[in-house]
Amino acid sequence: MYMKSVTLDGITKMFGNAKGVEDINVHINSGEFFTFLGPSGCGKTTTLRMIAGFYFPTEGEIYFDQEDVTALKANKRNIGMVFQNYALFPHMTVFENIAFGLQVRKLSKEVIKEKVQKAQSFVHLEGYESRKITELSGGQQQRVALARALVIEPDILLLDEPLSNLDAKLREETRVEIKRLQVELGITTIYVTHDQHEAMAMSDRIMVMSQGEIQQIGTPQEIYNKPLNHFVASFIGESNILEGEIKEITDEHIVVDTGDNTQFKGLKENCSPNLELEEGKNVLLSIRPEIIEEGEGPNSIQGQVQLSEFSGVSINYIVKVGNKEINVMIVNSGSDVLKRGDSIKLNIPESGIYFMDDRG
Ligand code: ATP
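Residues numbered from 1 in each chain as written. Predicted model: local features only at pLDDT ≥ 70, side-chain atom pairs only at ≥ 80, totals over all residues. Heavy atoms only, no water.

**Q** Can you lay out the pairing of strand 11 (residues 240–249) for me, pointing to particular residues and giving the numbers?
**A** By the bridge criterion, 6 bridges tie strand 11 to strand 14 (residues 282–287) in an arrangement that is antiparallel. Within the sheet, the bridge partner assigned to E243 lies in strand 14 and is L284. For strand 11 and strand 12 (residues 253–257), the ladder comprises 4 bridges, and the chain directions are antiparallel. Bridge pairing in strand 12 links I246 to V256. Counting the residues between successive antiparallel strands, the hairpin from strand 11 to strand 12 contains 3 residues. (Pairing = 2+ DSSP bridges. Helix = DSSP H or I, 4+ residues; strand = E, 2+ residues; numbered from the N terminus.)

As structure tokens, then:
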């Protein structure tokens, strides 16, 4: 129960001539919290719907563990699903909503009662069984939807933007609750979101998608620290992306010229695997704002503050360096906030530069 793996093997979905997704290859481990992340229209929901059995792929196969389920209908897949709008029956009670999937399966009244009570306790809705859905808050409705998905003891839980209808505070609380429940049950969970914070906070691994294709699959740390391309570096967190030309390659270092008489020296190990290292080749440098320090070092640059913003935890600057603007985040240590026009000396540690291919 609760723990099948999912394999998508060369999945393509066409809607007439329009591409939904193309050549998706991924293995989701049993018990894993796996997220499809990307902007609107990138193919997250289409992929999830194929796993659920609501859409069938134009090409490729889907496996749950070793079983080929590609042609299996949705109601034969033992999937629990929570939709963005919850899709609850508004005039039925909490009990009737949660029990629905069990009644379809024609279980006895006693078994249904016991299972519904257990599911209610998973989501902390004990005592709410007689309430109508219309008498619940958004957060409570969300929990009914989750209980309804879990009550059938699914092999896989699919969640399609389940937090998007909640306000910011409730969204954070529910995020923690869903994650806790997932860890407790050990259920294989596939989560769809366009919110990178949500994805980073909850997931064991993330699949970043754009225009129907996979951009990168990895742990939140891998995706954040070692983005494969421009799209991933700019979609996940904030990044300074500079263009440059490789000037020198040594055993441990790469030196890149970014114009304006500026050269940056970084570590050779911080290269995306698809980057061909060659002197004279164009590359992209991804530099996270929080990695940049005030002061001197191997990659010192001098700039002028354009904008400063005090956030409490940090001071965020936009700094003009030559003809480029760089975002810098300095941890607040009580020192003065610089103003527009002030000059600032910055250093980018060698380990803080990530080199990427300039395509894509
Ligand atoms: P969102 O976050 O907005 O839901 P998404 O990443 O889930 O976006 P999908 O809904 O999977 O994206 O859509 C992927 C692509 O497939 C889009 O270009 C979309 O227009 C197209 N598409 C999705 N469903 C259909 C459909 N039923 N008919 C035609 N095209 C579709």
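**Q** Give me the lowdown on the nonpolar core, citing residues and values where you can.
**A** In terms of nonpolar packing, the biggest core is built from 33 residues, with I98, V144 and L146 touching the most fellow members. Ranked by residues supplied to this core, first place goes to helix 4 (residues 138–150) with 6 residues. Not counting chain neighbours up to four residues away, the residues in contact with I98 comprise V116, A119, Q120, V144, A147, R148 and V151. Of all hydrophobic cores here, the second largest spans 26 residues; its members include V256, Y317, I326 and I330. (Core = buried A, V, L, I, M, F, W, Y, C linked by side-chain atoms within 4.5 Å. Buried < 20%, exposed > 50% of the residue type's maximum accessible area, 1.4 Å probe, protein only. Contact = heavy atoms within 4.5 Å.)

**Q** Residue-level account of the site of the ligand, with values.
**A** Near the ligand there are 13 residues, and of these S40, G41, G43, T45 and T46 occur at the shortest range. Between an oxygen atom of the ligand and a side-chain N or O atom of S40, the distance comes to 2.6 Å. Interatomic distance of 3.0 Å between a backbone N/O atom of G43 and an oxygen atom of the ligand. Computed on the free molecule, the ligand has an accessible area of 630 Å², of which 58% lies beneath the protein chains in the complex. At the level of elements, strand 2 (18–28) and helix 1 (44–52) are the ones that each hand at least two residues to the shell around the ligand. (Near = heavy atom within 4 Å. Polar contact = N/O pair within 3.5 Å; in protein donor to acceptor, adjacent residues only side chain to side chain. Areas by Shrake-Rupley, 256 points an atom, 1.4 Å probe, with all protein chains shown as cover.)

**Q** Would you mind going over the UniProt feature "domain: ABC transporter" (unreviewed entry) in the protein in detail, with residue names and values included?
**A** When the UniProt feature table is mapped to this numbering, "domain: ABC transporter" (unreviewed entry) covers residues 6–236. Secondary structure content for residues 6–236 is 36% helix and 26% strand, and the end C-alpha separation is 25 Å. (UniProt positions renumbered as here; feature names shortened; annotations may be inferred.)

**Q** Please provide a residue-by-residue account of the packing of helix 4 against helix 5 (residues 168–185), values included.
**A** Two elements in contact, helix 4 and helix 5, have axes whose closest approach is 11 Å; the angle formed by their N-to-C orientations is 20°. Here helix 4 is positioned roughly parallel relative to helix 5, judged by the angle of their axes. Between helix 4 and helix 5 lies a crossing whose hand is right-handed. Residues G139, Q142, R143, L146 and L150 of helix 4 lie in contact with helix 5, whose contacting residues are L170, T174, E177, I178, L181 and L185. For the contact of helix 4 with helix 5, the per-class residue count stands at 6 nonpolar, 3 polar and 2 charged. (Axes fitted to C-alpha atoms, helices over the stretch in contact; angles between N-to-C directions. Parallel < 35°, antiparallel > 145°, perpendicular 65-115°, else oblique. Left-handed = near helix turned anticlockwise from the far one by under 90°. Nonpolar A, V, L, I, M, F, W, Y, C, P; charged D, E, K, R; others polar.)

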